[in-house]
Amino acid sequence: MKPLLFNLDSDPFLANQLRHHLDADSGLLNTRQFPDQETYLRIDSNCQNRDCVIFCNLYQPNSKILPLIFLADTLRELGAARVVLITPYLCYMRQDIRFQPGECVNAYPFGKLLSQHVDFLVTMDPHLHRIHALDEVYQIPTAVVPAAPLIAFWVVCSIVEPLFIGPDSESEQWVSEVARLAEAPYVIMEKVRHGDRDVDIHLPDMTQWQGYTPVLVDDIISSGKTMQNTLKALQNVGLSRGYCIGVHGLFADNAYAELKQLADVVTTRTVPHASNQIEIAESLAKAVTEWLRTP
Ligand code: R5P
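Below is a short write-up of the structure. Just so you know, these numbers come straight off a predicted model, no measurement behind them. (Residues numbered from 1 in each chain as written. Predicted model: local features only at pLDDT ≥ 70, side-chain atom pairs only at ≥ 80, totals over all residues. Heavy atoms only, no water.)

## Brief notes about the pattern of salt bridges
Reasoning step 1: Scanning the model with the defined rule gives 13 salt bridges in all.
Reasoning step 2: Between Arg 42 and Asp 44 there is a salt bridge, with its nearest N and O atoms 2.8 Å apart.
Reasoning step 3: Classification of Asp 44 by relative accessible area gives partly exposed; the value is 40%.
Reasoning step 4: Where Arg 82 meets Asp 51, a salt bridge forms, and the shortest distance between an N and an O atom there is 2.8 Å. With Arg 82 in the loop between α2 (62-77) and β6 (83-86) and Asp 51 in the loop between β4 (39-43) and β5 (52-55), this residue pair connects regions lying 31 residues apart in the sequence. (Salt bridge = Lys/Arg side-chain N within 4 Å of Asp/Glu carboxyl O. Buried < 20%, exposed > 50% of the residue type's maximum accessible area, 1.4 Å probe, protein only. Helix = DSSP H or I, 4+ residues; strand = E, 2+ residues; numbered from the N terminus.)

Here is the structure:
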């Protein structure tokens, strides 16, 4: 039997692509806010013994979590065979260590919470830095779909003589793989973060890279300061205007407008945005289908 795909208030365009690639039926859902702002939710599809896939994209997550839990638990209660969550962006992965005494290390309680409500989770390139794998924080099976092959393909089709740039050591895991797949060189910068919007970028000697098109790659663009300051530093040493590619374009405040003045900005479709140029649905759906095929 085909799986049922429920779109919980997420990008309808991506939901349709996912439904197509999953060969799923649309799950019918009725949700609204009660006058007191509590959530009403009703499932109008028969989910008895069917695999149910929830597409709930957890950027700006706080208002999405409770409806997600209500939906997942109701699906189970109504007899769903397995409940899968697709969240192209996985939130609460960056607070992965206690930087200051008393801080909540969000990744752990959040992973524990979701693990209690769904059977399998699929996401694209979560921020794995001091946490090395999702099974350190999730107690359910998970699949991490890499953006590198999709980004490399886009670059090979769109840019001549790319020089991949990673703005900090954390980005090397993505940048080195994209560069390998695109058969192009890469350089990693050094970043010192002083605050949410305050970062310093230090460049190695870039003399040998004059004439290349700089292509910055990072997993998350949030305030955009990491990308902006890297672009400014590169332009100060004579490199041309280039590209700025983010897996997840969150773009807080004016980040997108500011970045566009310095580079062409491209993101994958994990967070719906005008900069989306790299499609992800087929890869995400493949990970779900492979897991659903396991007995
Ligand atoms: C770092 O930890 C991440 O990989 C990104 O470099 C970071 O999230 C970018 O943040 P922002 O756009 O606020 O500089």
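Picking up after the structure, the text goes on.
## Observations concerning the side chain of His 127
Reasoning step 1: In this fold, His 127 is placed in the loop between β7 (120-124) and β8 (142-145).
Reasoning step 2: By relative accessible area, which is 8% here, His 127 ends up buried.
Reasoning step 3: Engagement of the side chain of His 127 in a polar contact is seen with the side chain of Glu 170, the distance being 3.4 Å.
Reasoning step 4: For His 127, the side chain forms a polar contact with the side chain of Asp 219, separated by 2.6 Å. (Polar contact = N/O pair within 3.5 Å; in protein donor to acceptor, adjacent residues only side chain to side chain.)

## Brief notes about the pairing of β6
The side chains of a regular strand alternate between the sheet's two faces.
Reasoning step 1: Residue alternation in β6 divides its side chains into two sets, Val 83 and Leu 85 and Val 84 and Ile 86, and both sets are buried.
Reasoning step 2: As defined by bridge partners, β5 adjoins β6 across four bridges and the pair is classed as parallel. Across the sheet, residue Phe 55 finds its bridge partner in β6, namely Ile 86.
Reasoning step 3: Taking the sense of rotation as the criterion, the β-α-β connection linking β5, α2 and β6 turns out right-handed.
Reasoning step 4: Here β6 pairs with β7 via three bridges, running parallel. Looking across to β7, one finds that Val 84 is bridged to Phe 120.
Reasoning step 5: In this fold, β6 hands off to helix α3 (residues 107-115), which returns the chain to β7; that crossover is right-handed. (Pairing = 2+ DSSP bridges. Right-handed = clockwise from strand over helix to strand, strands pointing away.)

## Some points on unusual backbone geometry
Reasoning step 1: A positive phi angle, near 60°, is found at Asn 49, a position not held by glycine.
Reasoning step 2: Within the secondary structure, Asn 49 sits in the loop between β4 and β5.
Reasoning step 3: We note that Phe 251 has phi near 45°; this positive angle belongs to a residue other than glycine.
Reasoning step 4: With respect to the helices, strands and loops of the structure, Phe 251 is situated in the loop between β14 (242-249) and α7 (255-260).
Reasoning step 5: Exposure remark for Phe 251: the relative accessible area of 9% places this residue in the buried category.

## Examining the packing of helix α1 (residues 12-22) against helix α8 (residues 281-293)
Reasoning step 1: In contact at an axis separation of 9 Å, α1 and α8 are set at 45° when each is read in the N-to-C sense. For the element pair α1 / α8, the angle class is oblique. The element α1 and its partner α8 pack so that their crossing is right-handed. Touching Leu 14, Gln 17, Leu 18, His 21 and Leu 22 of α1 are Ala 281, Glu 282, Leu 284, Ala 285, Val 288 and Thr 289, all from α8. (Axes fitted to C-alpha atoms, helices over the stretch in contact; angles between N-to-C directions. Parallel < 35°, antiparallel > 145°, perpendicular 65-115°, else oblique. Left-handed = near helix turned anticlockwise from the far one by under 90°. Contact = heavy atoms within 4.5 Å.)

## A word on the site of the ligand
Reasoning step 1: Contacts to the ligand come from 15 residues, most closely from Arg 94, Asp 218, Asp 219, Ser 223 and Thr 226.
Reasoning step 2: Taking Arg 94, its side chain carries an N or O atom lying 2.7 Å from an oxygen atom of the ligand.
Reasoning step 3: Take Glu 170: an N or O atom from its side chain is 2.8 Å from an oxygen atom of the ligand.
Reasoning step 4: Relative to its free-state accessible area of 370 Å², the ligand is covered by the protein chains to the extent of 94%.
Reasoning step 5: Among the elements of the structure, β11 (190-195), β13 (213-221) and α6 (225-236) are those that each provide at least two residues to the shell around the ligand.
Reasoning step 6: Ranked by residue count, the leading element in the shell around the ligand is β13, at four residues. (Near = heavy atom within 4 Å. Areas by Shrake-Rupley, 256 points an atom, 1.4 Å probe, with all protein chains shown as cover.)

## Brief notes about the nonpolar core
Reasoning step 1: Leu 18, Leu 22, Ile 151, Phe 164 and Ile 245 are the most contacted members of the largest nonpolar core, which has 44 residues in total.
Reasoning step 2: The leading source of residues in this core is α8, at seven residues.
Reasoning step 3: If near-sequence neighbours (up to four positions away) are discounted, Leu 22 is found in contact with Pro 3, Leu 5, Val 53, Ile 86, Ala 285, Val 288 and Thr 289.
Reasoning step 4: The next biggest cluster of nonpolar side chains, apart from the first, holds 37 residues, and it includes Cys 47, Leu 58, Phe 110 and Ile 131. (Core = buried A, V, L, I, M, F, W, Y, C linked by side-chain atoms within 4.5 Å.)

## Topic: the sheet that holds β14
Reasoning step 1: What the six strands build is an open sheet, ordered β10-β9-β13-β14-β15-β16; its pairing is parallel. In this open sheet, the two strands that pair with only one neighbour each are β10 (186-188) and β16 (276-278). On average, each strand axis in the sheet is inclined to that of its neighbour by 35°, with strand direction left out of account.
Reasoning step 2: Here six bridges tie β13 to β14, and the two strands are oriented parallel to one another. When the sheet's bridge partners are listed, Leu 216 is paired in β14 with Cys 244.
Reasoning step 3: Across the sheet, helix α4 (residues 148-158) is in contact with β9 (162-166), β13, β14, β15 (263-268) and β16; its angle to β14 comes to roughly 155°.

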